[in-house]
Amino acid sequence: MRKAGLLSAGLVAAVVALGVGAITVVKPYLSPDDFDGPGNGTVTVRIAPGSSAEAIGSALAEAGVVASVRSFVKATEDRAVTDRLRPGHYRLRKGMAAGAALDLLLAPASRVVRRVTLPEGMRTSEVLQRLAQKAGLPLKELQNVDKALVGLPEYARGLEGFLFPATYEIEPGDSAVDVLAAMVERFGAAARQVGLVEQAARVHLTPLEAVTVASMIQAEGGTDEDYPKIARVIYNRLKKNTPLEIDSTVLYAQNRRTLRVTERDTKVDSPYNTYRHKGLPPGPIANPGEKALMAALNPAEGDWHWFVTTDPAHRITKFTDEESEFVRYREELNKNLGAS
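Just so it is clear, the model here is predicted, and its values are computed rather than measured.

J.: Provide a residue-level description of the overall build of the protein, including the pertinent values.
T.: Helices and strands together make up the secondary structure of the protein, namely 13 helices and six strands. Its C-alpha atoms give the protein a radius of gyration of 32 Å, more than 25% over the compact-globule value 20 Å for 340 residues. Along the three orthogonal principal directions, the C-alpha set of the protein runs to about 125 × 40 × 35 Å. Across the 340 residues in the protein, those meeting the buried criterion constitute 43%.

Given below as structure tokens:
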């Protein structure tokens with residue numbers, strides 16, 4: 001009996017020991033280590049693209065944001081938000097409850113990013129200046145980027161025309177090469193969307209010439225509906241071997257922005273001056289958007305040889321195939337500009 005009693009006591013002890021061991025193993029999953037409250041101080045954590053909830057939890061734990069990887073994973077599982085976690089840099093706090101850390105990762109305001117919007121028609125020099133001002137990138141670094149590193153199309157001669165206008169998110173650590181490469185990549189996506197290479201041949205242009213035409217369309221302004229008509233004017237004048245006489249090319253040659261182009265301006269000595277030189281300029285004069293690219297590839301039907309934006313304030317552009325009417329349109333423009 002005594003022996004049996006000892007055996008029973010040992011069995012109970014073993015079971016108890018087993019239970020304690022099981023609890024030790026299971027506890028981190030049932031109730032993982034976690035901080036209380038919103039935390040304090042500030043720390044920036046980078047979430048790499050493609051990171052799992054566990055990888056994100058590991059990054060947070062290493063930065064002292066959460067107490068354990070498992071506490072963060074459990075919070076994401078409990079709330080079923082794993083698929084809403086996005087890569088980027090986030091401003092968090094140390095010693096945060098996992099749920100509070102998750103709240104900040106899901107809040108757009110917590111993301112450390114600079115958003116820079118580049119409108120259609122900006123010249124490359126203007127794009128680089130805006131990036132320097134808005135993204136804090138050194139201007140000289142932007143200007144001196146090795147063009148071979150940004151993924152330009154083989155037909156491109158430089159950045160002009162290929163820094164696609166859009167809103168870009170620039171994160172800490174992004175270099176000048178990274179940012180410009182993203183813009184060129186975005187141009188590539190737009191070029192594929194409009195079938196640039198294939199469609200350029202249809203209008204008897206090389207891809208570079210098509211981008212050049214689109215840049216002039218964009219620089220001349222007007223409304224979206226005017227773009228295909230401007231393209232037609234350009235093609236009609238090319239076919240007739242008449243100088244294009246596009247004011248924006250003269251201004252590009254002078255690195256100026258104005259609505260007033262004088263006769264003296266049209267005599268500037270530059271291959272970009274389409275008053276003095278027939279045919280297209282050597283390359284793009286601005287960075288066109290998708291609608292201008294589409295217009296260059298799909299010109300409107302018409303016999304127009306001139307166009308004038310007679311009322312820039314209201315974006316009113318008039319087209320004609322008669323020189324006398326063109327002269328009247330120029331007078332109307334000068335009147336609206338207060339030049340007559």
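J.: Describe the pattern of salt bridges, with residues and values.
T.: Applying the stated criterion to the full structure yields 16 salt bridges. Among the salt bridges present, the one from arginine 257 reaches glutamate 126, with a minimum N-O distance of 2.8 Å. Taken as a pair, arginine 257 in the loop between helix 11 (247-254) and helix 12 (290-297) and glutamate 126 in helix 5 (residues 124-135) lie far apart in primary sequence, 131 residues in all. One network of salt bridges, in which partners are shared, links Arg111, Arg115, Glu169 and Glu171.

J.: Give a description of the UniProt feature "site: Important for catalytic activity" (unreviewed entry) in the protein that names residues and reports values.
T.: When the UniProt feature table is mapped onto this chain, "site: Important for catalytic activity" (unreviewed entry) is found at Glu220. Apart from the residues lying within four places of it in its own chain, the contact partners of glutamate 220 are Ile230, Ile246, Asp247, Ser248, Phe307 and Thr309.

J.: Could you give an account of the packing of helix 2 (residues 53-62) against helix 3 (residues 69-79), with specific residues and numbers?
T.: One way to put it is that helix 2 packs onto helix 3 with a least axis distance of 8 Å and a crossing angle of 135°. In terms of orientation, helix 2 lies oblique with respect to helix 3. The handedness of the crossing between helix 2 and helix 3 comes out as right-handed. Residues Ala53, Glu54, Ile56, Gly57, Ser58, Leu60 and Ala61 of helix 2 touch helix 3, and the partners they reach there are Val69, Phe72, Val73 and Thr76. Its residues placed into classes, the contact of helix 2 with helix 3 shows seven nonpolar, three polar and one charged.

J.: Can you break down the environment of methionine 183 residue by residue, with the values?
T.: By the secondary structure assignment, methionine 183 is in helix 7 (residues 176-194). For the pair methionine 183 and tyrosine 252, spaced 69 residues apart in sequence, the C-alpha to C-alpha distance is 21 Å. Sequence-distant contacts of methionine 183, defined by excluding residues within four places in its chain, comprise Leu118, Val127, Leu131, Phe162, Leu163, Phe164 and Tyr168.

J.: How would you explain the packing of helix 5 against helix 7 if you had to name every residue and give the values?
T.: Orientation of helix 5 relative to helix 7, taken along the N-to-C sense of each, is 130°, at an axis distance of 12 Å. By the criterion of interaxial angle, the relationship of helix 5 to helix 7 is oblique. Helix-helix and strand crossings are classified by hand; for helix 5 and helix 7 the assignment is right-handed. Across the interface between the two elements, Val127, Leu128 and Leu131 of helix 5 pack against Val179, Leu180 and Met183 of helix 7. Partitioned by chemical class, the residues of the contact of helix 5 with helix 7 number six nonpolar, no polar and no charged.

J.: Tell me about the domain arrangement of the protein, and name the residues and values.
T.: Split into domains, the protein comes out as domain 1 (40-110), domain 2 (114-193) and domain 3 (195-337). For domain 2 versus domain 3, the separation of C-alpha centres amounts to 24 Å. With 22 residues of domain 2 in contact, the opposing surface of domain 3 contributes 21 residues. Of the roughly 1800 Å² buried where domain 2 meets domain 3, counting both sides, 52% is carbon and sulfur surface. On inspection of domain 2 and its partner domain 3, the count reaches one salt bridge.

J.: Which residues make up helix 3, and what are the values?
T.: For helix 3, the set of buried residues is Ser71, Phe72, Val73, Ala75 and Thr76. Looking at the packing, one finds that the buried side of helix 3 touches helix 2 and helix 4 (98-105).

J.: Please give an account of the packing of aromatic side chains that cites residues and values.
T.: Summed over all chains, the structure comprises six aromatic pairs. A ring pair is formed by tyrosine 252 and tyrosine 272, whose centres lie 5.0 Å apart and whose planes are at 55°; its orientation type is tilted. Taken together, the residues span a long stretch of sequence, with tyrosine 252 in helix 11 and tyrosine 272 in the loop between helix 11 and helix 12 at a distance of 20 residues. By relative accessible area, which is 18% here, tyrosine 252 ends up buried.

Parameters at a glance
- Residues numbered from 1 in each chain as written.
- Predicted model: local features only at pLDDT ≥ 70, side-chain atom pairs only at ≥ 80, totals over all residues.
- Heavy atoms only, no water.
- Helix = DSSP H or I, 4+ residues; strand = E, 2+ residues; numbered from the N terminus.
- Rg over C-alpha atoms; globule rule 2.2 N^0.38 Å.
- Buried < 20%, exposed > 50% of the residue type's maximum accessible area, 1.4 Å probe, protein only.
- Salt bridge = Lys/Arg side-chain N within 4 Å of Asp/Glu carboxyl O.
- UniProt positions renumbered as here; feature names shortened; annotations may be inferred.
- Contact = heavy atoms within 4.5 Å.
- Axes fitted to C-alpha atoms, helices over the stretch in contact; angles between N-to-C directions.
- Parallel < 35°, antiparallel > 145°, perpendicular 65-115°, else oblique.
- Left-handed = near helix turned anticlockwise from the far one by under 90°.
- Nonpolar A, V, L, I, M, F, W, Y, C, P; charged D, E, K, R; others polar.
- Domains from an automatic or database assignment.
- Buried area = accessible area lost by both parts, 1.4 Å probe.
- Phe/Tyr/Trp six-rings, centres within 6.5 Å; stacked < 30°, edge-to-face > 60°.

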